[in-house]
Every structure is written in structure tokens, then in C-alpha cells.
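# A structural walkthrough
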Amino acid sequence: DDIVFDRWPEVTDDLPQFNGCCVRRVKRKMGLDKKMFAKMRIGFQVLPKDYADTQPFTQGQFQQPKNRFTYRSAVENPQATAKMILGPRRWRQLVLLVGSTIVLVTLLMISACVYYIL
């Protein structure tokens with residue numbers, strides 16, 4: 001069974017339903033997508049007691065998740081941390097913004113040097 005965490009517990013209302021088109025625009029603008037929500041998969045078996053006694057519980061079935069976020073990993077790899085926090089779409093937007101800003105400032109500095117030298 002899958003459990004999707006798509007809202008905080010205290011939020012009970014859906015997005016306002018003024019107009020179907022308006023809601024779709026808001027969802028698109030906010031980037032609301034089913035892929036962005038956390039999902040937990042739960043699986044369980046119901047066994048007869050006799051069979052369960054022959055199959056003892058072994059350690060290691062329940063373990064901490066691998067690649068768990070920690071402050072240490074955030075300090076060691078800030079770029080991956082920023083990408084994880086922002087998400088892939090906003091990370092690309094940030095990289096494009098910073099890259100274009102660097103190119104623009106470099107061109108302005110070159111043009112200012114050429115202007116003052118000539």
C-alpha cells in the first residue's frame with residue numbers, strides 16, 4: 001500500500017475551486033505535481049502463529065534509510081544539499097540565473113575596460 005504525504009496534517013481544504021482553469025494555473029505556477037510529494041510504501045503479511053514461530057524476526061529488516069540527510073553531509077557537499085532542498089527544476093533555474101549574471105557582469109567589466117582604455 002502507498003501513502004502519499006501531500007499536505008500538512010492541519011490543512012484540510014483543497015485549493016480554492018473558483019474556476020477550473022484558475023486552479024490549473026495556480027498548480028502549474030506553484031509546480032504542484034504528484035511526483036514532488038513524499039511517498040511511503042508499506043507491505044505486511046498476516047501469518048498463522050505456527051508459521052510465524054518458525055520464521056523468527058531477524059535484525060536488519062528495519063534499518064535506517066541510506067543517504068539520510070545530516071548536517072555533516074550538508075557541510076561536506078553544499079551543492080548537493082542546495083539541489084536537494086530546491087529540487088531539480090528550481091536548481092536549474094538558479095544555475096541559469098547565476099550563470100547569466102556572471103556572464104553579464106563579465107561583459108560589462110570588459111566593455112568598461114575597453115571604454116576607459118580607448
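Keep in mind that what you see is a predicted model, and the values were worked out from it rather than measured.

### As for a nonpolar patch on the surface
- Together, F69, Y71, M84, I85, L86, L94, L97, V98 and I102 make up an exposed nonpolar region whose accessible area comes to about 920 Å².
- At the level of elements, α4 (78-86) and α5 (88-117) are the ones that each hand at least two residues to the nonpolar patch.
- With 4 residues, the single largest contributor to the nonpolar patch is α5.
- Checked against the element boundaries, L97 lands in helix α5.
- Classification of L97 as exposed rests on a relative accessible area of 52%.

### Overview of the confidence of the model for the protein chain
- For the protein chain, per-residue confidence averages 76 on the pLDDT scale, and residues scoring 70 or more make up 65% of the total.
- Within the protein chain, the lowest mean pLDDT, 59, falls on helix α1 (residues 20-30), and the highest, 94, falls on α5.

### Quick notes on the side chain of T81
- As for its position among the elements, T81 is in helix α4.
- On the basis of relative accessibility, which here comes to 12%, the residue T81 falls in the buried class.
- Within the structure, the side chain of T81 is placed 3.0 Å from the backbone oxygen of N77, a separation counted as a polar contact.

### Let's talk about a positive patch on the surface
- Residues K83, R89, R90 and R92 make up a contiguous surface patch of positive charge.
- Element by element, the count of residues in the positive patch is highest for α5, at 3 residues.
- Along the chain, the position of R92 falls in helix α5.
- The class for R92 is exposed, based on a relative accessible area of 52%.

Calculation notes
Residues numbered from 1 in each chain as written. Predicted model: local features only at pLDDT ≥ 70, side-chain atom pairs only at ≥ 80, totals over all residues. Heavy atoms only, no water. Patch = residues over 30% accessible without salt bridge, like charges linked within 9 Å, V, L, I, M, F, W, Y side chains within 5 Å. Areas by Shrake-Rupley, 256 points an atom, 1.4 Å probe, with all protein chains shown as cover. Salt bridge = Lys/Arg side-chain N within 4 Å of Asp/Glu carboxyl O. Helix = DSSP H or I, 4+ residues; strand = E, 2+ residues; numbered from the N terminus. Buried < 20%, exposed > 50% of the residue type's maximum accessible area, 1.4 Å probe, protein only. pLDDT = per-residue confidence, 0-100. Polar contact = N/O pair within 3.5 Å; in protein donor to acceptor, adjacent residues only side chain to side chain. Lys, Arg positive; Asp, Glu negative; His and termini not counted. Charge placed at Lys NZ, Arg CZ, Asp CG, Glu CD.

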